[in-house]
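In case you want the letters, here they are:
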Amino acid sequence: LNIALTAGNTNTPTVVSSIENVNVNMSAFSTQTFDATGIVGNGTTITFNNLQTAGATAATLTNVGSTATVVAGTGVTGTLDVTASGTNMTIDGGSSAQVDADLNDGTAESTIIANTATAINVVKAVSANISSTSVTAIDIDGSGTDDTATISAVNADENSTVTLETAASNQVENLVLSGNG
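A brief report on the enclosed structure follows. (Residues numbered from 1 in each chain as written. Predicted model: local features only at pLDDT ≥ 70, side-chain atom pairs only at ≥ 80, totals over all residues. Heavy atoms only, no water.)

### Section: the overall build of the chain
Now for step 1: Looking only at helices and strands, the chain has zero helices and 16 strands in total.
Now for step 2: Taking 16 Å as the expected radius of gyration for a compact globule of 181 residues, we find that the chain reaches 16 Å, a close match to that expectation.
Now for step 3: By its C-alpha atoms, the chain is 45 × 35 × 25 Å across when sized along the principal axes.
Now for step 4: By the burial criterion, 41% of the 181 residues in the chain qualify as buried.
Now for step 5: Taking the intrachain contacts of the chain between residues at least 6 apart in sequence as the baseline, contacts between residues at least 24 apart amount to 33%.
Now for step 6: For the chain, the exposed surface amounts to about 8200 Å²; the carbon and sulfur share of it is 47%. (Helix = DSSP H or I, 4+ residues; strand = E, 2+ residues; numbered from the N terminus. Rg over C-alpha atoms; globule rule 2.2 N^0.38 Å. Buried < 20%, exposed > 50% of the residue type's maximum accessible area, 1.4 Å probe, protein only. Contact = heavy atoms within 4.5 Å. Areas by Shrake-Rupley, 256 points an atom, 1.4 Å probe, with all protein chains shown as cover.)

Right under this line is the structure:
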């Protein structure tokens, strides 16, 4: 399913189901928001592209449902900002410089792949799996009293340093860390 927009969507469909790939093709000079309410389906992939020449490089997606995968597509090289309404989702930052994720207290593990991002910010994480090959700063906040974050920062440079903040407002109690080993 291809959706062509020049501004954020205001009329969200009631339900879009049984569609594996939803391509949001934005053409905008300013950062736009796509509301994914109603897009449901086990394993649905939502790819956000900004096809506008010299257009905005950031993208915002809200109300992303359970088991969905969000992909920063063509033209999204700034900040990818994703807010979940469900659990067990995957965020693929593509070529984004920064990935921001609100996991909305989801109890099933969500995965964030941010290979080109130098900054990753996650809030309301009960269980998160974060991986990057370029990150220099990770800020992750938990959601309760038994949160877990698994972080893999295998940077291209073996001497890279990653700054990790795990309690700006809610401590992440369990950390599993790996790097260049």
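Let us keep going from here.
### A closer look at the sheet that holds strand β12 (residues 127-132)
Now for step 1: If you trace the nine strands from one edge of the open sheet to the other, you get β1-β2-β4-β6-β8-β10-β12-β14-β16, paired in parallel fashion. The open sheet has two free edges, formed respectively by β1 (2-5) and β16 (174-178), since each of these has just one partner strand. Averaged over all neighbouring strand pairs, the angle between strand axes comes to 10°, with direction disregarded.
Now for step 2: Taken together, the four bridges between strand β4 (residues 45-50) and strand β6 (residues 69-72) define a ladder with parallel strand orientation. The residue of β6 that forms the bridge with Phe48 is Ala72. (Pairing = 2+ DSSP bridges. Axes fitted to C-alpha atoms, helices over the stretch in contact; angles between N-to-C directions.)

### Focus: the side chain of Asn25
Now for step 1: Within the fold, Asn25 resides in strand β2 (residues 21-26).
Now for step 2: With residues up to four places along the chain from it excluded, the contact list for Asn25 reads Asn2, Ile3, Ala4, Leu5, Asn49 and Leu51.

### Here's the deal with unusual backbone geometry
Excluding glycine, residues mostly have negative phi values, and the peptide bonds linking residues are mostly trans.
Now for step 1: The phi torsion at Asn88 lies on the positive side, around 55°, for a residue other than glycine.
Now for step 2: With respect to the secondary-structure elements, Asn88 resides in the loop between β7 (79-84) and β8 (90-92).
Now for step 3: Not every positive phi belongs to a glycine, and Asp105 is a case in point at roughly 65°.
Now for step 4: Here Asp105 is to be found in the loop between β9 (98-102) and β10 (110-113).
Now for step 5: By relative accessible area, which is 38% here, Asp105 ends up partly exposed.

### Side note on the environment of Ser66
Now for step 1: Inspection of the secondary structure puts Ser66 in the loop between β5 (59-64) and β6.
Now for step 2: Taking the C-alpha atoms as reference points, Ser66 and Ala167, separated by 101 residues in sequence, lie 26 Å from one another.
Now for step 3: A polar contact is formed between the side chain of Ser66 and the backbone nitrogen of Thr87, at a distance of 2.9 Å. (Polar contact = N/O pair within 3.5 Å; in protein donor to acceptor, adjacent residues only side chain to side chain.)

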